[in-house]
Amino acid sequence: MVLPTFAVVAPSLHSTAPRIRPAGVDIDMTTALHASQRIDLHGPLATDAAARSSARVTSVLDKGSAAVIETTTSVADPNGTPLWTATSCTFARGEGGFGGDRGAPRPPGPPPREPDAVLVTPTLPQQALLYRLVGDRNPLHFRPSYAARAGFPRPILHGLCTYGMVCKAVVDAELGGEVALVGSYSARFSGVVYPGETLRTSVWREDGRIVLATTVDERGDAPALSDAQLVLVS
């Protein structure tokens, strides 16, 4: 079995670079950031399997100054048995104000008590270049001029890289590496991470789930992941 977050990148493992712009989405991609990610596992993920994936835009929310585009990817084996469902939201700055639904309110934050554990996860200066090997070729993560156009002083780390590294740290520390115990994992990308920075994840153990919040050490505990939780298999 493999780490559940592998399912998020599995459909993107192409031999050639995939398109940066999603089909049917006509926006300036320098305004777009990955806003949140959720994955629901319908069973443990095998290390070798055949599967078919299908993706569709499931909603477009109007946040006033921005639009949030939600895409749902469903993956099943050749017999039609569901393997996993991934839900991804893209935050497109400057694309809101069209009078659409604002969406549901944000969930409550972490429990009002000290965390049960704190996990420290360093990233490498070349972390974004390594993560490109899974198929995400967005120049925001490796080209300084493109990052500058998007308003960043240098290329930022893929949100999904942070998402995956935090999941592994939590599964190793809190679940003894037992990946089959993960039923779902979700997080909102509440801030950027620059390659080489250190992730600090606070962990709260709740009934049937683990609540998480990740910050960046080098920038005064700047937020990285929020509204995050890992739901355990019942």
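See the structure printed just above.
Residues numbered from 1 in each chain as written. Predicted model: local features only at pLDDT ≥ 70, side-chain atom pairs only at ≥ 80, totals over all residues. Heavy atoms only, no water.

**Remarks on the pattern of salt bridges**
No. 1: Throughout the structure, instances matching the rule amount to nine salt bridges.
No. 2: In this structure, the salt-bridge partner of Arg 188 is Asp 227, at a minimum N-O distance of 3.1 Å. Remark: Asp 227 occurs in strand β9 (residues 222–232) and Arg 188 occurs in strand β6 (residues 182–189); sequence separation between them is 39 residues.
No. 3: Overall, Asp 227 belongs to the partly exposed group, its relative accessible area being 23%.
No. 4: When salt bridges with common partners are traced through the structure, they connect Arg 113, Asp 116, Glu 206 and Arg 209 into a single cluster. (Salt bridge = Lys/Arg side-chain N within 4 Å of Asp/Glu carboxyl O. Helix = DSSP H or I, 4+ residues; strand = E, 2+ residues; numbered from the N terminus. Buried < 20%, exposed > 50% of the residue type's maximum accessible area, 1.4 Å probe, protein only.)

**A look at the nonpolar core**
No. 1: Judged by nonpolar contacts, the single largest core of 39 residues is most densely connected at Ile 39, Trp 84, Tyr 163, Tyr 185, Leu 212 and Leu 230.
No. 2: At nine residues, the largest contribution of residues to this core is made by helix α4 (residues 159–174).
No. 3: Excluding anything up to four places from it in sequence, Leu 212 contacts Val 166, Val 170, Tyr 185, Thr 201, Ser 202, Val 203, Trp 204 and Ala 228.
No. 4: One finds Leu 140, Tyr 146, Ala 147 and Tyr 194 within the second-largest nonpolar core, a separate group that totals seven residues. (Core = buried A, V, L, I, M, F, W, Y, C linked by side-chain atoms within 4.5 Å. Contact = heavy atoms within 4.5 Å.)

**Observations concerning the sheet that holds strand β7 (residues 198–206)**
No. 1: Here nine strands make up an open sheet; going across it, the order is β2-β3-β4-β1-β6-β9-β8-β7-β5 and the pairing antiparallel. This sheet does not close on itself; its edge strands, each paired only once, are β2 (52–62) and β5 (117–122). On average, each strand axis in the sheet is tilted by 20° relative to the strand beside it, whichever way the strands run.
No. 2: Contacts between α4 and the sheet are confined to β1 (32–41), β5, β6, β7, β8 (209–216) and β9, with β6 contributing the most and set at about 135° to the helix. (Pairing = 2+ DSSP bridges. Axes fitted to C-alpha atoms, helices over the stretch in contact; angles between N-to-C directions.)

**What about the layout of surface pockets?**
No. 1: Looking at the second largest pocket, its volume works out to about 360 Å³.
No. 2: Of all the secondary structure elements, the ones that give two or more residues to the lining of the second largest pocket are β2 and β4 (82–93).
No. 3: Looking at the lining of the second largest pocket residue by residue, the classes come out as twelve nonpolar, two polar and two charged. (1 Å grid on protein atoms, 1.4 Å probe; cavity = no way out; pocket = protein on both sides within 12 Å on 5 of 7 lines; lining within 4 Å. Points joined across faces, edges and corners; volume = space filled by probe spheres on them. Nonpolar A, V, L, I, M, F, W, Y, C, P; charged D, E, K, R; others polar.)

**What about the environment of Val 60?**
No. 1: When you line up the elements, Val 60 lands in strand β2.
No. 2: C-alpha of Val 60 to C-alpha of Gly 100: the two residues are 40 residues apart in sequence and 7.7 Å apart in space.
No. 3: Residues contacting Val 60, with those up to four places away along its chain left out, are Val 68, Phe 98 and Asp 101.

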